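Analysis of the macromolecular model
So you can see what is in the structure, the chains are spelled out below.
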Amino acid sequence: MNAQKSQTDYDLVIAGGGMVGASLACALGNQPLRIAMIEAHNQKLDTPPSYDDRAIALSWGTSQIFRALGLWERLAVKSTAIKQIHVSDRGHFGVTRIDNQEEHVEALGYVITARDLGQVLYGALSQYSNLTILKPAQLTDLAFTDTEAHATITVNHGTNDATREDCSSKLIVAADGGGSSVRQLLNIDTRQYDYRQTAITANVSVSRPHNNVAFERFTAQGPLALLPMEGNRCSLAWTRQNKVADSILALSDEEFLRQLQREFGNRLGRFTRVGQRSAYPLQLLKASAQVMKRVALIGNAAHTLHPIAGQGFNLGMRDVAALAQIVIEQHTAGRDIGLLQALQPYQQWRQRDHQSIIGFTDSLVKIFSNRFAPLALARNLGLIATDIIPPLKHTLAQYTMGMAGKLPRLARGLPLQ
Ligand SMILES: Cc1cc2nc3c(=O)[nH]c(=O)nc-3n(C[C@H](O)[C@H](O)[C@H](O)COP(=O)(O)OP(=O)(O)OC[C@H]3O[C@@H](n4cnc5c(N)ncnc54)[C@H](O)[C@@H]3O)c2cc1C
């Protein structure tokens, strides 16, 4: 086959159709912009990395964004509400509880599998006439000059030059995950920290009703989260050190459940069944810049977090809401949406949220991984203080619910414009 080369012009190209990239495509669907979304996987929506069976806790703020996008009804029927969050430290006395009624919201958040979320997002994408989906296809190169009013992107629809296509766009949004090709092609530095930990996930059945409570339990072996799901099932995310992860994965179901019971205790009665186990190595990654001329970073491409507090996707959704708003404002004002001046307000707006959530998540991992007795005492006093001092608890709840700081229009449940 001869090399196919065509010049296609878009206003905005989204590299990566994972949960964050596909959500941005939905946010900009039917807006007066020509958009392309490039996704490397030929997802059947049940394949890792993006749309597997992992449960994702959507914060209240994220549910507001999906409400504003008109997608919430379709997501709600596949979700389970979180009414209370219970935080405890195994072998110590401190406990904190966050309650939806105290926060005056219908739910603190919702649990949905990544696969169900993907099905709703991809179902919606087909209805936007301004959107072209290139899939399976990979962004393999990009270039721009000072004089041209666009960047040139190379998209590969296969594995060789014959399937390569060049197209141009005013703005490229990197939503291509932790190993972002866009970030690497542009030599954007990252700060990285390897936690040397692996999250082991599985669905488990319990003998007592979960009553829509999400549990976060810190143990000497690592934090353990249980999210409520339909019926008497919960989704488990159990963080273990890398060196023991393989042996935990290899345990028989009975032994796995026995160890889980020992670490979690009896709050949910007996653990009766465990489904397929999966493993995710964990790291912290933060890009040194969120924008440059003709480029903006969102989601895991900009920041990859430890899943301890279920914040990664929620933080990415606030990137989506802020970037969509700024792009539409700049476009409506007749400005080139790819200019650095047009994108800098996005970076400034998102900086504080990124710093707070990265700091919060990273501190939780490090403080609760430490068994040094005075520190264990201090953090338990901290849990108690948080439980009994209403303003402290409210602040923690606002962060957990994704409602802290200056919120974009979509996160307030309002349309983009
Ligand atoms: C165990 C675990 C539990 C979690 N639980 C929660 C939770 O409860 N709540 C929460 O908010 N977050 C949670 N997270 C975090 C959440 O999963 C991520 O933040 C989220 O998946 C990031 O989505 P993304 O679209 O930015 O990146 P990704 O999901 O990595 O998607 C990137 C996409 O880009 C595509 N791609 C890559 N390179 C290219 C290229 N060159 N060209 C075209 N396409 C490309 C990939 O195929 C992929 O589909 C959890 C994470 C883990 C590991």
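Structure: see above.
Overview of the structure. (Residues numbered from 1 in each chain as written. Predicted model: local features only at pLDDT ≥ 70, side-chain atom pairs only at ≥ 80, totals over all residues. Heavy atoms only, no water.)

1. Regarding the layout of surface pockets
Rolled over the atoms, a probe sized like a water molecule indicates the empty space that remains. Quantified by volume, the second largest pocket comes out at close to 270 Å³. Looking at the lining of the second largest pocket, the element that brings in the most residues is strand 12 (residues 190-206), giving 3 residues. Of the residues in the lining of the second largest pocket, the class split is 5 nonpolar, 6 polar and 3 charged. (1 Å grid on protein atoms, 1.4 Å probe; cavity = no way out; pocket = protein on both sides within 12 Å on 5 of 7 lines; lining within 4 Å. Points joined across faces, edges and corners; volume = space filled by probe spheres on them. Helix = DSSP H or I, 4+ residues; strand = E, 2+ residues; numbered from the N terminus. Nonpolar A, V, L, I, M, F, W, Y, C, P; charged D, E, K, R; others polar.)

2. Quick word on the environment of P415
Summarising the element assignment, P415 is placed in the segment after helix 11 (390-400). According to the relative accessible area criterion, P415 is partly exposed, its value standing at 46%. Among residues more than four places away in sequence, those in contact with P415 are R409 and L410. (Buried < 20%, exposed > 50% of the residue type's maximum accessible area, 1.4 Å probe, protein only. Contact = heavy atoms within 4.5 Å.)

3. Notes on the packing of helix 1 (residues 19-27) against helix 4 (residues 114-125)
In the contact formed by helix 1 and helix 4, the axes pass within 10 Å of each other and the chain directions differ by 30 degrees. On the basis of the axis angle, helix 1 is roughly parallel to helix 4. When the axes of helix 1 and helix 4 are compared, the crossing they make is left-handed. Contacts between helix 1 and helix 4 involve M19, A22, S23, A25 and C26 on the former and, on the latter, A114, L117, L121, Y122, A124 and L125. (Axes fitted to C-alpha atoms, helices over the stretch in contact; angles between N-to-C directions. Parallel < 35°, antiparallel > 145°, perpendicular 65-115°, else oblique. Left-handed = near helix turned anticlockwise from the far one by under 90°.)

4. Side note on the packing of aromatic side chains
Counted by the stated rule, this structure contains 5 aromatic pairs. Within the aromatic cluster, the residues linked to one another by ring pairs are F215, F264 and F271. Above the face of the W238 ring, R240 is positioned so that its terminal group lies 4.8 Å from the ring centre. Sitting over the ring of W349, K406 keeps its end group 4.3 Å from the ring centre. (Phe/Tyr/Trp six-rings, centres within 6.5 Å; stacked < 30°, edge-to-face > 60°. Lys NZ or Arg CZ within 6 Å of the ring centre and 35° of its normal.)

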